[in-house]
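Notes for the structure review
Each chain, written out:
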Amino acid sequence: MRNKIAQLFGIDYPIIQAGMVWASGWKLASAVSNAGGLGLIGAGSMYPDVLREHIRQCRAATGRPFGVNIPLLYPDIAELIEIVVREGVRIVFTSAGNPRTWTAHLKERGITVVHVVSSSAFARKAEQAGCDAVVAEGFEAGGHNGREETTTFCLIPQVCASVSIPVIAAGGIATGRGMLAAMVLGASGVQMGSRFVASDEASSHIDFKKAVVAAGEGDTFLTLKQLTPVRLLSNEFFQQVRRAEAQGAGPEVLQALLGHGRAKKGMFEGDLREGELEIGQVAAQLQEILPAGEIVRRVWEEFREGLENPVDFS
Ligand SMILES: Cc1cc2nc3c(=O)[nH]c(=O)nc-3n(C[C@H](O)[C@H](O)[C@H](O)COP(=O)(O)O)c2cc1C
């Protein structure tokens, strides 16, 4: 399917594996790219030297295009940007920050730049900053989230009507039918995060992956809204946050409760009680942990079947 997103990245299918802290290293990114999608290394949980190593390993493991996701609020941001430029990375997805700060710098070096947005206003800013495409991420999504709380179903048509660059839909998409629905609404591709956490190659702890496939409806919550809103799987840590908020805790108390290293503790080290467990609502649909290439193949197959038989007319 050589549509505008597939052409922009030089990939077979407009299926993008999200850059995710503590989940998407070179093993996951290269597996997705080798299957014809676009794999992204998640720089958000990597020190600069670690990122350099992951880029090199990814290049050794795939001859296909891959990219790097860089949350712009990262303290070592200038160093990370320097590394992706020096290492010859061709595709960068930026998030959590102002697209004006780095887009021109990256574009001048021939890099394709995509920015993640949660509203039409941010999408227009990304377009004005010179981005090649936007990821429009709805409220269902795992991880850090917009303050507007707009769902993917509402966000995609609005963003598509607001910008002329291609739109990649994210948030609550884990199947070929979900992909088809997003594309019917005007998206030119999809970015999936939660589905790829439940893959063999994700670097997430196996206990976290098992908790993700065991999760049901209503098990995730958008929380820590006074800091940066984040969608988490409910556990003891989430309940502590909830109790603190009910007692009127402000940002400083919540920041102290969050502390440092909670995301690593939960998602990477497998402390399901005290760790921070980022995952999307769509976890309720996930039933098994699969090889990442198999996920790409299944999503594409379902999408094709869905195209032939899109709705039940009975
Ligand atoms: C475990 C996890 C970690 C994430 N880390 C990041 C990140 O570092 N940078 C980023 O831009 N988005 C991050 N996200 C959001 C994803 O990039 C993606 O947009 C989102 O997962 C899509 O929604 P879905 O989970 O419903 O598929 C993360 C999501 C998850 C589940």
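Our subject in this report is the structure included herewith. (Residues numbered from 1 in each chain as written. Predicted model: local features only at pLDDT ≥ 70, side-chain atom pairs only at ≥ 80, totals over all residues. Heavy atoms only, no water.)

Turning our eyes to something else, we now look at unusual backbone geometry. Generally, phi is negative for residues other than glycine and the peptide bonds are trans, each holding for most cases. Phi at Trp22 takes a positive value of approximately 60°, unusual for a residue other than glycine. Mapping Trp22 onto the fold places it in the loop between strand S1 (15-17) and helix H2 (26-34). A positive phi angle, close to 50°, is found at Ala96, a residue other than glycine. Locating Ala96 in the fold gives a position in the loop between strand S4 (91-95) and helix H5 (103-108). Since its relative accessible area comes to 40%, Ala96 is described here as partly exposed. (Helix = DSSP H or I, 4+ residues; strand = E, 2+ residues; numbered from the N terminus. Buried < 20%, exposed > 50% of the residue type's maximum accessible area, 1.4 Å probe, protein only.)

So, about the packing of H2 against helix H14 (residues 292-308). At a closest axis distance of 8 Å, the pairing of H2 and H14 adopts a crossing angle of 35°. In this structure, the crossing between H2 and H14 has a hand that is right-handed. Contact residues: H2 offers Leu28, Ala31 and Val32, while H14 offers Ala292, Gly293 and Val296. Partitioning the contact of H2 with H14 into residue classes produces 5 nonpolar, 1 polar and no charged. (Axes fitted to C-alpha atoms, helices over the stretch in contact; angles between N-to-C directions. Left-handed = near helix turned anticlockwise from the far one by under 90°. Contact = heavy atoms within 4.5 Å. Nonpolar A, V, L, I, M, F, W, Y, C, P; charged D, E, K, R; others polar.)

Around the ligand, 20 residues are found, and the nearest of them are Asn69, Ser95, Glu137, Gly172 and Ser194. Measuring from an oxygen atom of the ligand, one finds a backbone N or O atom of Gly171 at 3.4 Å. Between an oxygen atom of the ligand and a main-chain N or O atom of Gly193, the distance comes to 2.8 Å. Compared with its free state, where it exposes 600 Å², the ligand has 95% of that area covered by protein. Tallied by class, residues from the shell around the ligand come to 9 nonpolar, 9 polar and 2 charged. (Near = heavy atom within 4 Å. Polar contact = N/O pair within 3.5 Å; in protein donor to acceptor, adjacent residues only side chain to side chain. Areas by Shrake-Rupley, 256 points an atom, 1.4 Å probe, with all protein chains shown as cover.)

It is worth spelling out the pairing of strand S3 (residues 66-71) at this point. For S3, a buried count of 6 out of 6 residues is recorded, marking the element as mostly surrounded by other parts of the structure. Pairing analysis gives 4 bridges linking strand S2 (residues 38-42) to S3, with the strands arranged parallel. Among the inter-strand pairings, Leu40 is bridged to a residue of S3, identified as Gly67. The parallel pair S2 and S3 is bridged by helix H3 (residues 48-61), and the resulting crossover is right-handed. (Pairing = 2+ DSSP bridges. Right-handed = clockwise from strand over helix to strand, strands pointing away.)

How two helices pack is summed up by the angle between their axes together with the distance between the axes. At a minimum axis separation of 11 Å, helix H11 (residues 236-246) and helix H12 (residues 251-258) run at an interaxial angle of 165°. Our classification of the angle between H11 and H12 gives roughly antiparallel. Our pair here, H11 against H12, has a crossing hand that is right-handed. Where H11 abuts H12, its residues Phe237, Gln240, Val241, Ala244 and Glu245 lie against Leu254, Leu257 and Leu258. A class-by-class count of the residues in the contact of H11 with H12 yields 6 nonpolar, 1 polar and 1 charged. (Parallel < 35°, antiparallel > 145°, perpendicular 65-115°, else oblique.)

Across the sheet, 3 strands lie side by side as S7-S11-S10; this open sheet has antiparallel pairing. The two strands at the open ends of the sheet, each matched to only one other strand, are strand S7 (143-144) and strand S10 (220-223). Note: S7 against strand S11 (residues 230-233), 2 bridges, orientation antiparallel. Counterpart to His144 in the pairing with S11 is Val230.

What follows is about the pattern of salt bridges. According to the stated counting rule, one finds 13 salt bridges in the structure shown. For Asp132, the salt bridge goes to Lys107, with nearest N and O atoms at 2.7 Å. One end of the pair, Asp132, is in the loop between helix H6 (120-128) and strand S6 (133-137); the other, Lys107, is in helix H5, with 25 residues separating them in the sequence. A residue is classified by how much of its surface remains accessible, and Lys107, at 32% relative accessible area, is partly exposed. (Salt bridge = Lys/Arg side-chain N within 4 Å of Asp/Glu carboxyl O.)

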